[in-house]
Amino acid sequence: MRIIIVNNYEEMSKKAAMMIASQVMLKPDSVLGLATGDTPLGMYKELIQLYSKNEVDFKEVTTFNLDEYYGINRKNPQSYYEYMMANLFNSININRKNIHVPDGMSQDVNAICSDYEEKIKKAGGIDMQVLGIGGNGHIGFNEPDVNFEARTHLVNLDEQTIEANSRFFDSIGDVPVKALSMGIKTIMNSKKIILLANGISKAESIARAINGKISPKVPASILQLHNDVTVILDSEAASGLQI
Ligand code: PGA
């Protein structure tokens, strides 16, 4: 695990964007695994900047998002599909048919999940996967007491996650209680992983994930077993680390 500690959110975002841009420069048809939430917003802004300066070209890139709320239409402004369109895809030259976000309205969950896995495989696997981390140690929507062997599947959201994500909804009762998420196995099969975290609210989960025992109670702790993980932290998120 490579751990990079920077001063602030802006530096974290710039470093992460540079890593993605370098990946795409070296392999123009890269397959990127992408995350939503507050953490990667600055990184997406940086990538749009780099694109507008002709420093990176997304024409041949394929993307797979980590997760999507279950029961939410992709046209809903709270959907992760819409988040990706608004915060990245509408502003770069990615081919729409290369964008993949699990379909939260699908009736046949097993079919949609195995189809997602199949598409990742057909694309040649994920070259670089971006991850945020939950205050409870989740990655994607792989909540504590995770099954490390799971691939893309339907998950019940943890209470802490529902509460954390209620900031995006009118009321906590509007937050979906289920989601489709890549599983830990899907994430661990990525060739390279970048984990981003900023702010004091992530200090404890980062310390448990990096210095703690590998345990299903802390889903991100499994990343200790991956051979190409770069963790980029601001000083607050890094403040609980023993390194
Ligand atoms: P955040 O969420 O980026 O909004 O903090 C991260 C996560 O829950 O994985």
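If you're wondering where the values come from, they're calculated on a predicted model, not measured in any experiment.

Draft legend 1. Geometry of the sheet that holds strand β5 (residues 99–100). Across the sheet, seven strands lie side by side as β1-β10-β9-β6-β2-β3-β5; this open sheet has parallel pairing. The open sheet has two edge strands, β1 (2–6) and β5, and neither has a second partner. Where strand β2 (residues 31–34) and strand β6 (residues 128–131) come together, two bridges link them in parallel fashion. Bridge pairing in β6 links Gly33 to Gln129. Helix α4 (residues 109–122) contacts β3 (62–65) and β5 of the sheet and is inclined by roughly 150° relative to β3.

Draft legend 2. The arrangement of the nonpolar core in detail. With 31 residues, the main nonpolar core has Leu131, Ile139, Met182, Leu195, Ile206, Leu223 and Leu233 as its most contacted residues. Contributing elements (two or more residues each) for this core: α4, α6 (184–188), β9 (192–197), α7 (203–211) and β10 (229–234). Leaving out residues up to four positions away in the same chain, Leu233 has contacts with Ile3, Ile4, Ile5, Val6, Ala197, Ile206, Ala238 and Leu241. Ala17, Met85, Val101 and Val130 belong to the second largest nonpolar core, which has 30 residues in total.

Draft legend 3. Here's a closer look at the packing of helix α2 (residues 41–52) against helix α3 (residues 80–87). Across the interface, α2 lies against α3 with an axial gap of 10 Å and an inter-helix angle of 40°. In terms of axis orientation, α2 runs oblique to α3. Seen from α2, the contacting residues are Leu41, Tyr44 and Ile48; seen from α3, they are Tyr83, Met84 and Asn87. Partitioning the contact of α2 with α3 into residue classes produces five nonpolar, one polar and no charged.

What counts and how
- Every chain's residues receive numbers from 1 upward, in the order its sequence appears when written.
- Where totals are concerned, whole chains, interfaces and linings use all residues; where local detail is concerned, this predicted model gives features only for residues with pLDDT of at least 70, and gives and counts side-chain atom pairs only at 80 or more.
- Excluded from the side-chain calculations are hydrogens and water; all other atoms, namely the structure's heavy atoms, are used.
- A pair of strands is considered paired only if DSSP assigns at least 2 bridges between the two.
- To qualify as a helix, a DSSP run of H or I must reach at least 4 residues; to qualify as a strand, a run of E must reach at least 2; elements of each kind are numbered from the N terminus.
- Only heavy atoms matter for contacts: two residues are in contact if any of them lie within 4.5 Å across the pair.
- Lines are fitted to the C-alpha atoms to define the axes, a helix being fitted only along its stretch in contact, and any angle between axes, read from their N-to-C directions, falls within 0 to 180 degrees.
- Take the buried Ala, Val, Leu, Ile, Met, Phe, Trp, Tyr and Cys residues and link them wherever side-chain atoms come within 4.5 Å; each set so joined is a nonpolar core.
- Only protein chains enter the accessibility calculation, which uses a 1.4 Å probe; a residue whose area is less than 20% of its type maximum is buried, one above 50% is exposed, and one in between is partly exposed.
- Each angle is binned into one of four classes, with values under 35 degrees roughly parallel, values over 145 roughly antiparallel, values of 65 to 115 roughly perpendicular, and all other values oblique.
- Gly is placed with the polar residues, together with every amino acid not listed as nonpolar (Ala, Val, Leu, Ile, Met, Phe, Trp, Tyr, Cys and Pro) or charged (Asp, Glu, Lys and Arg).

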